[in-house]
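Observations on the model geometry
The primary structure of each chain is shown beneath.
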Amino acid sequence: MASRRTLLKVIILGDSGVGKTSLMAQYVNNKFSKQYKATIGADFMTKEIVIDDTVVTLQIWDTAGQERFQSLGVSFYRGADCVMCVYDVNSAKSFESLENWRNEFLVQASPSDPEKFPVVVVGNKIDVEDGKDSKRVISEKKAKSWCTSKGGLMHFECSAKEDINVDAAFEAVARFAVQNEDAEEDVYLPDTVSIDTRGAAPSSGCC
Amino acid sequence: MTRARDARAPRAWTAAHKRAREHDEHDDWRRRRRHVLAFTSAGKPAWTRYGSTHGVSGLCATLQALGAVSASAMGGELEGAEVGGRRLARRASGAMTYATSSDRGESAATLEKHLEWVERGVKMLVTNAGLETALAKNAKFDVGRALATATRADEVLGQLARNLSWETCYVFDTYTAVRVRAEVRETVARAMVEAMKTVTKPFACVAFGDDGRVGAYAKPRGHRPTTIAASDLIVLMNFLRVVSRCEGDEDSFTRVCLPEFNPDGFMRAYTARLRARDGDAAGDEGQPVKSTRASSGSIGICIITASADAMEECRAARDALEKRLNDDGALAQMVAAAGESMSIAKLPSEALGGFQDASEPLLHFVYNRPARHQHVSSAFSPSLNGADVKAITRAYASTYTSMKETEGVVDASGPGPKFIGAAQRVRYERRARFSVLACVGGDFEIYLTLKPSTTTTTAVALCNRLCVWLRVHEPELFVEE
């Protein structure tokens, strides 16, 4: 039985249209919509899972990939416990943007140890078959190689549409963050005892 | 002495009221009429009035994001909104944000004020430094976990959130005192000063009734400031009532911060009961009253010290104080006074000038003295129910706000403001179930709730007579600061 509870803020980043919202909807609600609707600002969902002896509430921040919403980054990224960087395996541009998304996040969120901050890379839309309009352009090998070059980032290939590997990716994010949380020194509240800071009178006449 | 629970008084907030299984997508949760939330600037929940903190994390994230979007798009934080008959107020303060929503018709100003009180309540439990320092070092910091280490945080904040709807302290920003003879209060205060002499780093000592009225308080001689800020005393009273109720006959020694005095430091609050001897209260054996209820025959006492090791000293001081006050009979008188509320029906005829006849136009009144940091709040008329009391409290809040906004001479007739003197402003508002007469003078404010049929002339005459009586009896109504 789980003995403790924790809440993790998970940020999903990536170019517009890579399937961030679909991944979240598939993971939380087991639903997929073929209709594309751009996220305005951000969308939020929560899901409770158990990792070893910990009940984990994932507070998932699905951010907008469009350029015009990126000024909101600082306020959205603050206090994040982990980040999921998503690209479309059929879009080279979305893969190339990963570097920027990751860097931007690390700059704006300023985690205490950027090298160890939990980042998981997810290649979405592996269900799309090669055809006239689409063709897989980012191989798993290429993506893994890039992740290795960035200090060994975790990598998953998923399909939000076919529900392939989605749970595994989110659970890996959660596990990674829980481990990181354990490793981080907690900040304890000060037990300050202060009585004289507002000018207590001289001791004469005082008890 | 036992008293049946008064339907016109706020019930004690217990863990069961929280409905910890509810979450923000739960129909029952959504039906609750007033929600209060506290969360960090990362959008992580710290406390919620209803449901579990994790269960409202989606809503907290949304509210935090709305604030960020508002700041980005309009250059300012979102402070409020109104959707579907429900008003939302949001207060960003440092690394924390507080939010409340209500469908009870409070004004935006009233809800914002409620959030200020909730913020004080949170700071009392964990200190401002605790919040700001912890979140500055680590934006992921879980304030909810920090609150969980504070003494009865859920009950304290839950009770505070409930009392915001019921109690006039949170409307007028002044505290209430037990009505007792001035000599008795003075005797108790003197004994408190003596008792504190044996305690290391004493800050203050407060005697209080179960309803949160202050019986007496004392500070060590020579200390500055010589008084406790009213806002500190109000949140302290809320804290002490909860601790005292939960601990029963047991004493306790807990961390507490007085945000107005020093928002960054903890002190220790020793809380216990002072029991009046039977003999003094009922003419019996001279033994401390044995009771099944902690409150029967006793009042609460709190000694605040800056020493974390002073519990035994406080315990000894409490014993000495109880003995001394029992020896001179003051404790029994204070206990008896703390058990009495100011019933309008029991006021002497000169207080109401013959107006309070069988028709009983006066349902409730508040006499506020901002310079004394205190007010008198009468008992509510037995004809009122709990919903009426809350409606009257909301009416006071809106009238109080509008009286503060009213400048200069105001119109002289009708339901609007009425000018009756150089230093006074009067407003008479007729509502469906009651009317409110408000009069603000140079150094006092009085608010009367009357039956809606009461004429303006009767209301003003009654108000004038009551004011005179209250002014004359101030020594027994207020703590001398």
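Here is what the cut-offs are and how they apply
- Residues numbered from 1 in each chain as written.
- Chains lettered and ligands numbered in written order.
- Predicted model: local features only at pLDDT ≥ 70, side-chain atom pairs only at ≥ 80, totals over all residues.
- UniProt positions renumbered as here; feature names shortened; annotations may be inferred.
- Helix = DSSP H or I, 4+ residues; strand = E, 2+ residues; numbered from the N terminus.
- Expected span 1.5 Å × (residues − 1).
- Bend = angle between axes of the 7 residues up to and from the residue.
- Buried ≥ 20, exposed ≤ 12 C-beta atoms within 10 Å, placed from the backbone.
- Contact = placed C-beta atoms within 7 Å.
- pLDDT = per-residue confidence, 0-100.
- Pairing = 2+ DSSP bridges.
- Axes fitted to C-alpha atoms, helices over the stretch in contact; angles between N-to-C directions.

For chain B, the name recorded in an unreviewed UniProt entry is Vacuolar fusion protein MON1 homolog, with Ostreococcus lucimarinus as its organism. UniProt, in its Function (unreviewed entry) section for chain B, records the words "Plays an important role in membrane trafficking through the secretory apparatus."

Per UniProt, chain A carries the Sequence similarities (unreviewed entry) text "Belongs to the small GTPase superfamily. Rab family." A UniProt comment under Subcellular location (unreviewed entry) is attached to chain A, and it reads "Endomembrane system".

The next subject is helix 3 (residues 92–109) of chain A. All names here are of chain A. The end-to-end C-alpha distance of helix 3, which contains 18 residues, comes to 26 Å, matching closely the 26 Å that a straight helix rising 1.5 Å per residue would cover. The sharpest bend along helix 3 reaches about 30° and sits at Leu 98. Buried residues of helix 3: Ser 94, Phe 95, Ser 97, Leu 98, Trp 101, Phe 105 and Ala 109, and no others. On the buried face of helix 3, the contacting elements are strand 1 (4–14), helix 2 (73–77), strand 4 (82–88), strand 5 (119–124) and helix 4 (140–149). Where helix 3 ends, the next residue or the one after it, Ser 110, has phi of about 45°, a positive value.

All names here are of chain B. For chain B, the mean per-residue pLDDT works out to 86, and 89% of the residues sit at or above 70. Across residues 281–295 the pLDDT falls below 50, and counting only partners more than four positions away or on other chains, this stretch makes 31 contacts in the model. Considering only residues more than four positions removed or in separate chains, one finds that residues 407–422, a stretch of pLDDT under 50, has 25 contacts. Interface confidence for the predicted complex, given as ipTM, is 0.85, next to a pTM of 0.88.

A separate point is the sheet that holds strand 8 (residues 214–218) of chain B. Residues and elements named next belong to chain B. Judged by pairing direction, the sheet is antiparallel, and its 5 strands sit side by side in the order 8-7-11-10-9 without closing on themselves. The sheet terminates laterally at strand 8 and strand 9 (252–256), the two strands that pair on one side only. The average undirected angle you get between the axes of adjacent strands in this sheet is 20°. Summarising the sheet, strand 7 (residues 202–208) and strand 8 pair through 4 bridges and their orientation is antiparallel. Looking across to strand 8, one finds that Phe 208 is bridged to Val 214. With respect to the sheet, helix 9 (residues 182–196) is in contact with strand 7, strand 8 and strand 11 (298–305), its orientation differing from that of strand 8 by roughly 45°.

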